[in-house]
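So you can see what is in the structure, the chains are spelled out below.
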Amino acid sequence: GPRAVPGTVDVAVVGAGFSGMYLLHRLREMNLSAVVFEAGADVGGTWYWNRYPGARVDVESLAYSFSFSEELEQEYEWEERYPTQPEILRYARHVADRFDLRRDIFFGTRVTAAAYDERDATWLVRTDRGDAVTARFLVMATGCLSFSKLPEVPGLDRFRGATFHTAHWPQEDVDFGGMRVGVIGTGSSGVQSIPVIAGQAADLTVFQRTPAYSLPARNRRLRPDEIAGMKAGYRAFRKAQRESGFGVPTVPATKSALEVSDEERDAAFEAAWESGSLVNLLTAYTDLAVDLEANDTAKRFVHRKIHQIVKDPRTAEDLCPEYPFGTKRPCLDTDYYETYNRDNVHLVNLRRTPIVEITEGGVRTSAGEYAFDAIVYATGFDAMTGALTNVDIRGRGGVSLKETWSAGPRTYLGISSAGFPNMFMITGPGSPSVLSNMVVSIEQHVDWVADAIGHLDRHGIATIEPEPQAQDAWVDHVNLIGSFTLYPKANSWYMGANVPGKPRVFMPYAGGVGEYRKKCDEVAARGYEGFSLSSAGPGPRS
Ligand code: NA7
């Protein structure tokens with residue numbers, strides 16, 4: 001028969017993506033009991049849900065992988081430089097099998113609420129299947145891009161054709177052969193799926209509100225010698241990842257984009273463009289992320305590329321972003337701009353002709369109606385906070401996390417929030433998370449949280465919670481670093497700007513994963529400085 005959900009555990013974990021999987025493994029090593037709830041039918045999180053055609057990671061496979069097990073590193077065979085969604089999901093499944101994770105994971109189960117009981121210092125976690133679990137610790141391993149959003153236009157349920165969202169793609173393959181397809185959204189999911197859909201559909205119309213900056217991925221199969229080289233050098237590479245800015249080792253820039261000749265700069269940008277690596281362009285000069293004039297040089301370079309590739313000058317112009325390069329998440333693509341040279345592909349600039357409504361037959365903009373057999377929503381996510389605030393989380397005094405964060409998320413280190421004792425977030429707002437190679441950030445957070453729980457248990461401490469002053473100082477620090485950058489100049493999901501009514505706050509920590517790790521380690525080394533630790537309550541169960 002089906003396994004019973006345990007009534008009481010040390011740790012309740014929400015989500016079985018890379019975060020929840022590794023956390024479960026760590027907790028078991030510490031002989032703690034844990035239960036993991038996962039809404040999907042299998043592990044993988046982002047890579048379980050985002051099955052749209054062309055879905056790939058934009059960090060190289062050998063870097064976008066767990067480092068916690070040398071055996072895993074050595075035995076796993078990556079096929080492509082930038083693996084496809086099926087390849088990454090296969091990796092996640094392999095990890096689940098290899099570490100026997102599934103026996104503590106309850107799939108098809110969504111956590112709906114979690115309430116802190118001050119008397120017992122425990123969390124009561126509830127699911128949509130009626131489970132109620134009491135846990136000493138609650139860890140939200142819910143991901144940063146997991147609560148999807150649809151466009152805010154009337155008539156979404158009116159359309160009679162087939163409807164898809166890139167983040168809820170069907171399990172079975174979809175074939176758009178012979179169909180008239182509309183894609184709404186040109187973030188990474190749109191940029192990756194549009195070339196593939198264009199190759200199948202009779203006719204494809206892309207609705208673009210904001211263009212993306214995209215670089216060619218130059219994806220290819222990995223050669224045996226480069227895989228062997230990587231495996232031989234993994235320890236040094238992992239160390240470099242952890243100390244880097246983006247969780248990907250780079251050669252630090254030494255020059256301003258404004259102190260070199262146009263020829264030298266163009267050559268450097270050209271090399272980055274040819275390399276198929278986003279960070280190579282983002283970090284080509286010291287000041288691209290902080291100085292508008294310097295940034296303009298990269299912006300103009302990409303604009304030139306777009307005009308070289310796209311034959312119709314008006315389409316090319318519409319594809320050129322106005323906001324500074326890198327201030328919204330840039331994309332890696334395979335034939336994205338080239339796709340607009342196809343006869344069956346049309347671009348609609350929603351800045352000129354906004355969507356008025358979805359109709360029975362398709363999409364109506366201010367310029368008229370477009371008829372479709374299928375609409376693909378590539379409209380993204382309520383990023384970083386959506387997956388947290390859409391669970392009814394109640395901390396001390398029954399206070400809701402959603403209300404507490406109504407003016408923007410407030411965390412200490414992006415790991416925990418005042419008023420919510422013994423609750424941790426993996427890659428929460430206020431951590432580098434979305435500005436980094438996620439696997440590097442995930443491992444660092446999981447290790448820090450597991451070590452913190454170990455520390456509490458060794459010292460007979462029942463609760464950990466940020467002091468409000470430490471949290472205020474961290475929020476100020478995150479804001480200050482953000483204010484040194486150009487990020488606030490774009491209407492991005494980093495700023496919450498893609499969701500109407502969401503407060504405009506720059507949510508990630510932009511100081512780099514290496515600096516961030518140092519801060520987290522210092523806090524722990526100083527006895528969890530900035531946290532109040534209390535030994536009231538029941539203490540560890542063993
Ligand atoms: P993104 O990057 O949030 O992209 C969503 C796209 O959908 C973006 O172009 C949005 O335009 C567009 N959008 C959203 N709402 C609307 C409405 N109402 N009307 C028209 N267009 C809309 O999500 P993705 O799934 O592509 O990628 C998420 C991340 O995954 C990506 O950054 C990588 O890190 C991996 P906007 O820019 O808001 O004007």
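Rules of the game
- Residues numbered from 1 in each chain as written.
- Predicted model: local features only at pLDDT ≥ 70, side-chain atom pairs only at ≥ 80, totals over all residues.
- Helix = DSSP H or I, 4+ residues; strand = E, 2+ residues; numbered from the N terminus.
- Buried ≥ 20, exposed ≤ 12 C-beta atoms within 10 Å, placed from the backbone.
- Contact = placed C-beta atoms within 7 Å.
- Pairing = 2+ DSSP bridges.
- Axes fitted to C-alpha atoms, helices over the stretch in contact; angles between N-to-C directions.
- Expected span 1.5 Å × (residues − 1).
- Arc of directions from axis to C-beta.
- Parallel < 35°, antiparallel > 145°, perpendicular 65-115°, else oblique.
- Nonpolar A, V, L, I, M, F, W, Y, C, P; charged D, E, K, R; others polar.
- pLDDT = per-residue confidence, 0-100.
- Near = placed C-beta within 6 Å.
- Left-handed = near helix turned anticlockwise from the far one by under 90°.

On to the overall build of the chain. Each helix and strand in the chain was counted, giving 17 helices and 20 strands. In terms of principal-axis extent, the alpha carbons of the chain reach across some 70 × 55 × 45 Å. In the chain, which comprises 542 residues, the proportion classed as buried is 50%. Partitioning the intrachain contacts of the chain with sequence separation of at least 6 by distance along the chain shows that 72% fall at a separation of at least 24.

The next subject is the sheet that holds strand β15 (residues 368–371). To summarise the sheet geometry, strands pair through backbone hydrogen bonds and adopt either a parallel or an antiparallel arrangement. Strand order across the open sheet formed by three strands is β13-β14-β15, with antiparallel pairing between neighbours. In this open sheet, the two edge strands, each paired with only one partner strand, are β13 (355–358) and β15. Strand-to-strand twist of the sheet, defined as the mean angle between neighbouring strand axes without regard to direction, takes the value 25°.

So, on to helix α17 (residues 513–525). The end-to-end C-alpha distance of α17, which contains 13 residues, comes to 18 Å, matching closely the 18 Å that a straight helix rising 1.5 Å per residue would cover. Taken together, the buried positions of α17 are V513, Y516, R517, C520 and V523. Looking down the long axis of α17, one finds its buried residues gathered within 125° of arc, a one-sided arrangement. Those residues of α17 that are exposed and angled more than 90 degrees off the buried face are E522 and A525. Next to the buried residues of α17 lie α7 (234–243) and α15 (438–458).

Once that is clear, we can look at the packing of α15 against α17. It is the contact of α15 with α17, at a shortest axis distance of 11 Å, that shows an interaxial angle of 0°. Relative to α17, the element α15 is oriented roughly parallel. Only V513, R517, C520 and A524 of α17 make contact with α15, whose side of the interface consists of V440, S441, Q444, W448, D451 and A452. Here the residues of the contact of α15 with α17 sort into six nonpolar, two polar and two charged.

As a further point, take unusual backbone geometry. Phi at M384 is positive, roughly 70°, even though this residue is not glycine. With respect to the helices and strands, M384 occurs in the loop between β16 (374–377) and α13 (386–389). Of note, Y528 is a non-glycine position whose phi angle comes to about 60°, a positive value. By secondary structure assignment, the location of Y528 is in the loop between α17 and β20 (531–534).

In this section: the sheet that holds strand β7 (residues 162–165). Pairing is parallel in the open sheet, where five strands are placed in the order β7-β16-β8-β9-β12. Strand pairing shows two members of the sheet lacking a second neighbour, β7 and β12 (345–349), which therefore form its edges. Each strand of the sheet is rotated relative to its neighbour by a mean of 15°, with strand direction disregarded. Note: strand β8 (residues 180–184) against β16, four bridges, orientation parallel. Note that in β16 the partner of G182 across the bridge is I375. Running at roughly 170° to β8, helix α5 (residues 188–200) makes contact with β8, β9 (203–208), β12 and β16 of the sheet.

What follows is about the confidence of the model for the chain. Considering every residue of the chain, the mean pLDDT works out to 96; 99% of them sit at 70 or more. Under a pLDDT of 50 for its full length, residues 538–542 has, in the predicted model, seven contacts with residues more than four places off or in other chains.

Around the ligand, a shell composed of 22 residues is seen, among which P151, G185, G187, S189 and G380 lie nearest. Among the elements that make up the shell around the ligand, the one with the highest residue count is α5 (three residues).

Going residue by residue along strand β19 (residues 463–466), you find T463 and E465 tucked away on one face and I464 and P466 tucked away on the opposite face as well. Where β19 and β20 come together, four bridges link them in antiparallel fashion. What sits directly across from I464, in β20, is L533.

The next point concerns helix α1 (residues 18–29). Counted at 1.5 Å a residue, the expected span for α1 with its 12 residues is 16 Å, and the 17 Å between its end C-alpha atoms agrees. Of all 12 residues making up α1, 10 are buried, and the element is well covered by its neighbours. Those residues of α1 that are buried are in contact with β1 (8–14), β2 (34–37), α4 (85–98), β6 (132–140) and α15. Phi turns positive one or two residues past the end of α1, at N31, with a value near 60°.

What follows deals with the environment of T427. Relative to the helices and strands, T427 is located in the loop between β18 (423–425) and α15. T427 sits 286 residues away from A141 along the chain, and the two C-alpha atoms are 7.9 Å apart. When sequence neighbours within four positions are dropped, the list of residues in contact with T427 reads S19, C144, S433, M438, S441, I442 and H445.

With that out of the way, let us pick up the packing of α1 against α15. To describe two helices that pack against each other, one gives the angle between their axes and the distance between the axes. Orientation of α1 relative to α15, taken along the N-to-C sense of each, is 35°, at an axis distance of 9 Å. Crossing geometry of α1 relative to α15 is assigned as right-handed. Across from F18, S19, Y22, L23, R26 and L27 in α1, the residues of α15 making contact are V439, I442, E443, V446 and A450. Its residues placed into classes, the contact of α1 with α15 shows eight nonpolar, one polar and two charged.

Along the chain, the position of D203 falls in strand β9. Along the sequence, D203 and Y91 sit 112 residues apart, while their C-alpha atoms lie 35 Å from each other. With residues near it in sequence (within four places) discarded, D203 still touches R180 and N344.

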